[in-house]
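Report on the structure
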Amino acid sequence: MNRYLKAALPFGLYGGGLCFLGFLTIYFLDIEPLSMNLIFGYLVIPIFVFFGIKNFRDNYNGGNLYFGQGMTVGFFTYTIIAGLSALYILGSIQLDMDLFTTFKQINLTLMSDNKEVLEEQLNVAAYEESYANISEMTVFDVAINDFLRKIFPGLFFTIIISIILKRNVEF
């Protein structure tokens, strides 16, 4: 296993585990966990990406860190977190289909309640297409949506953190 993945793996696994614990906590508090899981992920990802990159710099690369190295470690970290998150969401929905039904109904209700505003901002055809897409949403769509909504912020945070932690030690 290469040193980039070795440095990122524990932080990706811990971050994914923490997201899962947050998901379970929200679920057992009877709050709709699929939407809240995204928000929780936005808090967890930058923390674990930071520590993954810092771990690589300090423990695997002799105090040096180039931007590309930080991007690589960050990529592995947030991809592991996002992958684990998508898997446990997929598994949770398979175990409790009410999660999916509730999530879908909340989104459809939100679209219906804001129909006039959305039609004004977009247009009637775009609104109807969005409503139809949500109506036809599958379990895999929810898991892929969660995965992608962790990947893109992860990339953003990785860029910033790689710049901040970049360091070349002179001998």
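Anyway, here's the lowdown on the structure attached to this text. These figures come from a predicted structure and were not determined experimentally.

Notes on the overall build of the chain
The number of helices and strands found in the chain is 7 helices and 0 strands. Reading the chain from its N terminus to its C terminus gives the helix and strand order α-α-α-α-α-α-α. Its C-alpha atoms put the chain at 65 × 35 × 25 Å along the principal axes. Here the chain holds 171 residues, and 40% of them are scored as buried. Put simply, of all contacts in the chain between residues at least 6 apart along the chain, 81% involve residues at least 24 apart. Within the structure as shown, the chain displays about 9,600 Å² of accessible surface, and the carbon and sulfur contribution to it stands at 66%.

Digging into the side chain of N107
Within the fold, N107 resides in helix α4 (residues 97–113). On the basis of relative accessibility, which here comes to 19%, the residue N107 falls in the buried class. Residues in contact with N107, not counting those within four places in the same chain, are I134 and M137.

Re the environment of I160
Structurally, the position occupied by I160 is in helix α7 (residues 139–165). Residues I160 and N55, 105 residues apart in the sequence, show an inter-C-alpha distance of 16 Å.

Concerning the packing of aromatic side chains
Evaluation of the coordinates by the stated rule reveals 9 aromatic pairs. In this structure, R3 packs its charged tip against the face of Y4, placed 5.3 Å from the ring centre.

Thoughts on unusual backbone geometry
For D30, which is not glycine, the phi torsion reads 60° and is therefore positive. Along the chain, D30 turns up in the loop between α1 (3–28) and α2 (33–60). Judged by relative accessible area, D30 falls into the exposed class, the value being 74%.

What to know about helix α6 (residues 124–135)
Over its 12 residues, α6 extends 16 Å from the first C-alpha to the last, a length consistent with the 16 Å expected when each residue adds 1.5 Å. Two to three positions downstream of the cap, the backbone nitrogen of A125 sits 3.1 Å from a side-chain oxygen, assigning the N-cap of α6 to N123.

A closer look at the pattern of salt bridges
Once their charged atoms are close, side chains differing in charge can pair, the charge on each being opposite to the other. Using the criterion set out here, one finds 4 salt bridges in the structure. Put simply, R57 and D58 hold a salt bridge, and the shortest N to O gap is 2.9 Å. Given a relative accessible area of 9%, R57 falls into the buried group. A salt bridge links K150 to D146, with the shortest nitrogen-to-oxygen separation between them at 2.9 Å.

Examining the packing of α1 against α2
Packing of α1 against α2 brings their axes to within 8 Å, and their N-to-C directions diverge by 155°. Between α1 and α2, the angle falls in the class roughly antiparallel. Taken as a pair, α1 and α2 cross one another with a handedness that is right-handed. Partitioning the contact of α1 with α2 into residue classes produces 18 nonpolar, 6 polar and 2 charged.

Criteria and thresholds
Along each chain, numbering runs from 1 in the same order as the chain's sequence is written. Totals for whole chains, interfaces and linings use all residues, but because this is a predicted model, local features are given only for residues with pLDDT of at least 70 and pairs of side-chain atoms are given and counted only at 80 or more. Working from all heavy atoms in the structure, the side-chain values ignore hydrogens and water. Put simply, DSSP marks the helices as runs of H or I at least four residues long and the strands as runs of E at least two long, and each gets a number from the N terminus on. Summary of the burial criterion: residues with accessible area below 20% of their type's maximum are buried, those above 50% are exposed, and those between are partly exposed, where the area comes from a 1.4 Å probe applied to protein chains only. Note on definitions: a residue-residue contact is assigned when non-hydrogen atoms from the two residues lie within 4.5 Å. Values of accessible area rely on a 1.4 Å probe in the Shrake-Rupley scheme; residue burial ignores everything except the protein chains shown. Here is the rule: rings of Phe, Tyr and Trp (six-membered ring for Trp) pair when centre to centre is within 6.5 Å. Planes less than 30 degrees apart are stacked, more than 60 are edge-to-face, and the remainder are tilted. Throughout this description, the term charge over a ring refers to an Arg CZ or Lys NZ atom that lies within 6 Å of the ring centre and within 35 degrees of the ring normal. The length a helix should cover is 1.5 Å for every residue beyond the first. Polar contact criterion, stated in full: a pair of N or O atoms within 3.5 Å, where within protein one must be able to donate a hydrogen and the other to accept it, and residues adjacent in sequence count only if both atoms are side-chain atoms. Definition used for salt bridges: Asp or Glu carboxyl oxygen within 4 Å of a side-chain nitrogen of Lys or Arg. Structural elements are reduced to axes, namely lines fitted to C-alpha atoms, with helices fitted over the stretch in contact, and the angle between N-to-C directions of any two is expressed from 0 to 180 degrees. Each angle gets one of four labels, with under 35 degrees taken as roughly parallel, over 145 as roughly antiparallel, 65 to 115 as roughly perpendicular, and the rest as oblique. The hand of a helix crossing depends on one turn: near helix anticlockwise from the far one by less than a right angle means left-handed, and clockwise means right-handed. Amino acids outside the nonpolar list (Ala, Val, Leu, Ile, Met, Phe, Trp, Tyr, Cys, Pro) and the charged list (Asp, Glu, Lys, Arg) are all regarded as polar, and Gly is one of them.

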